[in-house]
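Fold and contact review
Here is what each chain is made of, one letter per residue.
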Amino acid sequence: MIKTYKISEISSITRLSIPTLRYYEDLGLLKPARNGNNYRVFTDKDLRWIEFISRAKATGMPLAKIIEYSKLREQGDETVKERISILEQQEQILHAQQQKIQTHIDFLQNKKRYYAQLQDSYKKS
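Residues numbered from 1 in each chain as written. Predicted model: local features only at pLDDT ≥ 70, side-chain atom pairs only at ≥ 80, totals over all residues. Heavy atoms only, no water.

**Regarding the packing of aromatic side chains**
- Using the criterion set out here, one finds 5 aromatic pairs in the structure.
- Taking 5.1 Å as the distance between ring centres and 10 degrees as the angle between the ring planes, the aromatic pair formed by Trp-49 and Phe-52 counts as stacked. Residue Trp-49 and its partner Phe-52 are located together in helix 3 (residues 44–58), separated by 3 residues, close to a single helical turn.
- For Trp-49, a relative accessible area of 7% corresponds to the buried category.
- Taking the relative accessible area as the measure of exposure, Phe-52 reaches 23% and is therefore partly exposed.
- Ring geometry for Phe-52 and Tyr-69: centres 4.8 Å apart, planes at 25 degrees, overall stacked. Here Phe-52 is found in helix 3, whereas its partner Tyr-69 is found in helix 4 (residues 63–75), with 17 residues between them in sequence. (Phe/Tyr/Trp six-rings, centres within 6.5 Å; stacked < 30°, edge-to-face > 60°. Helix = DSSP H or I, 4+ residues; strand = E, 2+ residues; numbered from the N terminus. Buried < 20%, exposed > 50% of the residue type's maximum accessible area, 1.4 Å probe, protein only.)

**Observations concerning the pattern of salt bridges**
- Per the stated rule, a full pass over the model turns up 4 salt bridges.
- Note that Arg-34 and Glu-25 form a salt bridge whose closest N and O atoms lie 3.3 Å from each other.
- We classify Glu-25 as buried; its relative accessible area is 18%.
- For Lys-65, the salt bridge goes to Glu-68, with nearest N and O atoms at 3.3 Å. Pair noted here: Lys-65 and Glu-68 are both in helix 4, with a separation of 3 residues, about one helical turn.
- Judged by its relative accessible area of 37%, Glu-68 falls in the partly exposed class. (Salt bridge = Lys/Arg side-chain N within 4 Å of Asp/Glu carboxyl O.)

**Describing the packing of helix 3 against helix 4**
- Where helix 3 contacts helix 4, the two axes come as close as 10 Å, and the packing angle between them is 145 degrees. Every pair of crossing elements has a handedness; the one defined by helix 3 and helix 4 is right-handed. Every residue of helix 4 that contacts helix 3 at Lys-45, Trp-49, Phe-52, Ile-53, Ala-56 and Lys-57 is listed here: Leu-63, Ile-66, Tyr-69, Ser-70 and Arg-73.
- Within the contact of helix 3 with helix 4, the residues separate by chemical class into 7 nonpolar, 1 polar and 3 charged. (Axes fitted to C-alpha atoms, helices over the stretch in contact; angles between N-to-C directions. Left-handed = near helix turned anticlockwise from the far one by under 90°. Contact = heavy atoms within 4.5 Å. Nonpolar A, V, L, I, M, F, W, Y, C, P; charged D, E, K, R; others polar.)

**Brief notes about the environment of Arg-73**
- Relative to the elements of secondary structure, Arg-73 occurs in helix 4.
- Judged by its relative accessible area of 32%, Arg-73 is partly exposed.
- Arg-73 sits 10 residues away from Arg-83 along the chain, and the two C-alpha atoms are 7.5 Å apart.
- Look past the residues within four positions of Arg-73 in its chain and what remains in contact with it is Lys-45, Trp-49, Thr-79 and Arg-83.

**Things to note about the confidence of the model for the protein**
- Per-residue confidence for the protein gives a mean pLDDT of 96; residues scoring 70 or more make up 99%.
- Highest mean pLDDT in the protein belongs to helix 2 (residues 18–26) (98); lowest belongs to helix 5 (residues 80–124) (95). (pLDDT = per-residue confidence, 0-100.)

Next up, the structure:
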């Protein structure tokens, strides 16, 4: 039997608000099944997809790109190349950000070394 979750349970597990989950559904990112009472019914597969969306957002990927990725995913395995391309683009953005951050870290470390040398020269005087 397939484990199912209510939207409140998914919200609790993923730490995404119910309005956010509904918004993702409005965007077409989520397509939960509905039960006889028309309540949303999520599965572990939906949960894994929500986790992907959250991780993609955490990398800074815009929702528009995630939607594009989602549409490709729905088309099946013949779109793997295009999906890899989207992931590679985001990876390049992250590497550029990483390089920029490293430049800031280097600046701070150099400034700290300068002050350490300055302190050493005062101690010797």
